[in-house]
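Summary of the model geometry
Each chain is listed here by its residues.
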Amino acid sequence: MHGKLLPLAGLYLVQGLPYGLQSGLLPVLLRARGLSLTRVGLAKVLYLPWLFKLLWAPLVDTRGSLRAWLMLSTAALGLVCGLLAASPPAEAGPAGLPVTVVGLLLLLNLGAAVQDVALDTLAVQLLEPAELGPGNTVQVVAYKLGAVLAGGGLLALVPTLSWSLLFLLLAATYWLAAALVWAAPALQQPPSSGPSEPVLHSLCLLQHLLAMPGTLWTAGFVLTYKLGEQGASSLFPLLLLDHGISTPELGLWNGVGAVLCSIVGSSLGGALLARHRQPVPLLRSVLGFRLGGLACQTTLLFHLDTPGVRLGSSTVLRGAALLSLCVQHFLGGLVTTTTFTLMMHCSQLAPSALQATHYSLLATLELLGKLFLGTMAGALADSLGPHLCFALFLALSGMPILYLSLAPSTLA
């Protein structure tokens, strides 16, 4: 099993680099420049290519080998990073970044999304049912570790290293990963167990996918399970910045400390799943803990807005705010690993010729739910105020707990 997991871990790590760059680095830098919460949230539009994975997932299923798709997409990511190294943002446009850099970041997400389809499909086909828990732990932990390196790590290194050198290092990392794909025998695609099925298209394909056992329920769950958490995690660090926490300190806690807590939570989720815990019963417990943690964070936010309350450098309140940030990421990591195991189990129920497209559908819906609230959180805070926003996030976090009672027997 380790022969499979080690190369998968390396590839998932480099896949997390664009996410860390755009979720850990850009929002803090843009807010520090004075941009409104609405405009900071709109920077998440850079993730748009991830929402169109279903357009190329059938090609990955049927054209060429997964190894070739992985190698070419990873090498292309290195090329885009090389172009970013040659395009330092000397003058920012109205959105806070030059148009050239925005275009290259969109291409970076496009390459990462193509790589994601091929890598997830390979994992679905390589891992045995008993390996899903450890496999999804490796997937989530390695991805988040890549996000830490490119998010909090870049925030710490930006004063020391130039923009060009940082992206040259990222380019070299991607090209090394492409060499890993070419050299690792464990990434050989297993032979098909039967004749391939004809590829369906557009609406017919979507109807066929949704008719797979448990798919319709799983699609509804992954679309909604992160709504409240994502809204709160997008907004809370920026509100701490507004209350006086410095950019470097916030980068350390939100870009490194909180994500490391998320990795610990993901690892715990994998350990529980490896001990034959079923995903649906485990989710019932951890979603309840997550709701309680968000309630504490909301109470803390209300207290921070009390007149005369300040986040001093050594106050208990400051420690409680940063602890709340870490606890929510820990619980979020636990929820994510369990949910991704549920998604992969559901995709294994589909025919092998459709597994890439099936998993891409679930992953696209999962991202759509996170991206929607992550993008709209700033606009909601600017229009409704943080208090009403977090009350909404609490309600949205309670919905998945009720939805779990409708889980089909094929998944429960």
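Everything here concerns the structure above.
Residue positions are given per chain, counting from 1 as you read along its sequence in written order. A pLDDT threshold of at least 70 governs which residues receive local features in this predicted model, and a stricter bar of 80 or more applies before side-chain atom pairs are shown or counted, although totals over entire chains, interfaces and linings include all residues. Values reported for side chains reflect all heavy atoms of the structure, with hydrogen atoms and water molecules removed beforehand.

Quick word on the overall build of the protein chain
What counts here: Helix and strand assignments come from DSSP, with helices taken as H or I runs of at least 4 residues and strands as E runs of at least 2, each series counted from the N terminus. Two residues qualify as a contact provided that any one of their heavy atoms is within 4.5 Å of a heavy atom in the partner residue. Accessible surface area values rest on a Shrake-Rupley calculation with a 1.4 Å probe, where residue burial reflects the displayed protein chains alone.
In terms of regular secondary structure, the protein chain is built from 17 helices and 0 strands. Considering only contacts in the protein chain between residues 6 or more positions apart, those separated by 24 or more positions represent 87%. In the form shown here, the protein chain has an accessible surface area of approximately 16,900 Å², with 72% of it arising from carbon and sulfur atoms.

Points about the layout of surface pockets
The test is simple: The pocket and cavity definitions rest on a 1 Å grid over protein atoms only: a 1.4 Å probe that fits but cannot leave marks a cavity, an open set with protein on both sides within 12 Å along at least five of seven lines marks a pocket, and residues lining either have an atom within 4 Å of a point. Grid points are joined across faces, edges and corners, and a volume is the space filled by probe spheres set on the points. Lys, Arg, Asp and Glu make up the charged group, whereas Ala, Val, Leu, Ile, Met, Phe, Trp, Tyr, Cys and Pro make up the nonpolar group; the residues left over, Gly among them, are polar.
Approximately 350 Å³ is the volume attributed to the second largest pocket. Contributing to the lining of the second largest pocket are 16 residues, with Pro 129, Leu 273, Arg 277, Gln 278 and Pro 279 lying nearest its centre. Of all the elements in the fold, those that place two or more residues in the lining of the second largest pocket are α7 (132–150), α13 (247–274) and α15 (316–348). Looking at the lining of the second largest pocket residue by residue, the classes come out as 8 nonpolar, 7 polar and 1 charged.

Describing the packing of helix α12 (residues 227–242) against α15
This is how the line gets drawn: The axes are straight lines fitted to the C-alpha atoms, using for helices just the contacting stretch, and the angles between their N-to-C directions are given from 0 to 180°. Should an angle fall under 35 degrees it is taken as roughly parallel, and over 145 as roughly antiparallel, whereas 65 to 115 is taken as roughly perpendicular and any remaining angle as oblique. Crossings are assigned a handedness: left-handed for a near helix turned anticlockwise from the far helix by less than a right angle, right-handed for a clockwise turn.
Contact geometry of α12 with α15 gives a least axis separation of 11 Å together with a crossing angle of 155°. Looking at the two axes, α12 sits roughly antiparallel to α15. In this structure, the crossing between α12 and α15 has a hand that is left-handed. Contact residues: α12 offers Glu 229, Phe 236, Pro 237 and Leu 240, while α15 offers Ala 321, Leu 322, Ser 324, Leu 325 and Gly 332.

A word on the side chain of Ser 73
Selection criterion: By the criterion applied in these results, polar contacts are pairs of N or O atoms within 3.5 Å in which, for protein atoms, one can donate a hydrogen and the other can accept it, and in which residues neighboring in sequence qualify only through two side-chain atoms.
Within the element layout of this structure, Ser 73 appears in helix α5 (residues 66–85). Among the polar contacts listed, one links the side chain of Ser 73 to the backbone oxygen of Leu 70, at a separation of 3.2 Å. Ser 73 has contacts with Gly 111, Val 114 and Gln 115, leaving out every residue within four places of it along the chain.

Focus: the packing of aromatic side chains
Where we set the bar: Pairs were defined over the aromatic rings of Phe, Tyr and Trp, the Trp ring being its six-membered one, requiring ring centres within 6.5 Å. Orientation was assigned from the angle between planes: stacked under 30 degrees, edge-to-face over 60, tilted for the rest. Residue burial is assigned from relative accessible area. The probe radius is 1.4 Å, only protein chains are included, and a residue is buried under 20% of its type maximum, exposed over 50%, and partly exposed in between.
Scanning the entire structure with this criterion turns up 6 aromatic pairs. Arranged with centres 5.3 Å apart and planes meeting at 10°, the rings of Trp 217 and Tyr 403 form a pair that is stacked. Taken together, the positions of Trp 217 in helix α11 (residues 215–224) and Tyr 403 in helix α17 (residues 386–403) put the pair 186 residues apart, joining distant regions of the chain. Here Phe 390 and Phe 393 contribute two aromatic rings whose centre-to-centre distance is 5.3 Å and whose plane-to-plane angle is 65°, an arrangement assigned as edge-to-face. Here Phe 390 and its partner Phe 393 are both found in helix α17, 3 residues apart, which amounts to about one turn of the helix. Pair check on accessibility: Phe 390 and Phe 393 agree, each one buried. In textbook terms, an aromatic cluster arises when at least three aromatic residues are bridged by ring pairs, as seen for Trp 217, Phe 221, Tyr 225 and Tyr 403.

Describing the pattern of salt bridges
Basically, it comes down to this: The rule for a salt bridge is simple: a side-chain nitrogen of Lys or Arg has to be within 4 Å of a carboxyl oxygen of Asp or Glu.
All chains considered together, the criterion is met by 3 salt bridges. Across the salt bridge formed by Lys 370 and Glu 366, the nearest N and O atoms sit 3.3 Å from each other. Of this pair, Lys 370 and Glu 366 both sit in helix α16 (residues 355–384), 4 residues apart, which is roughly one turn of that helix. Like Lys 370, the residue Glu 366 is buried in the burial classification.

Thoughts on the nonpolar core
Using the following cut-off: Buried residues of nine kinds, namely Ala, Val, Leu, Ile, Met, Phe, Trp, Tyr and Cys, make up a nonpolar core once their side-chain atoms join them within 4.5 Å.
Counting 78 residues, the largest nonpolar core has Phe 221 and Leu 283 as its most contacted members. Beyond its immediate sequence surroundings of up to four residues, Leu 283 is in contact with Phe 221, Val 335, Thr 338, Thr 339, Leu 342 and Leu 404. Ranked by size, the runner-up nonpolar core spans 26 residues in total, among them Leu 227, Leu 250, Leu 294 and Leu 380.

Details of α12
Rules: Between the first and last residue of a helix there are one fewer steps than residues, each counted as 1.5 Å, and that sum is the expected span.
Under the 1.5 Å per step criterion, the end-to-end length of α12 is 23 Å for 16 residues, consistent within 8% with the ideal 22 Å. The positive-phi residue at the C-terminal boundary of α12 is Gly 244, with phi of around 115°.

All we've got here are geometric facts, nothing functional implied.
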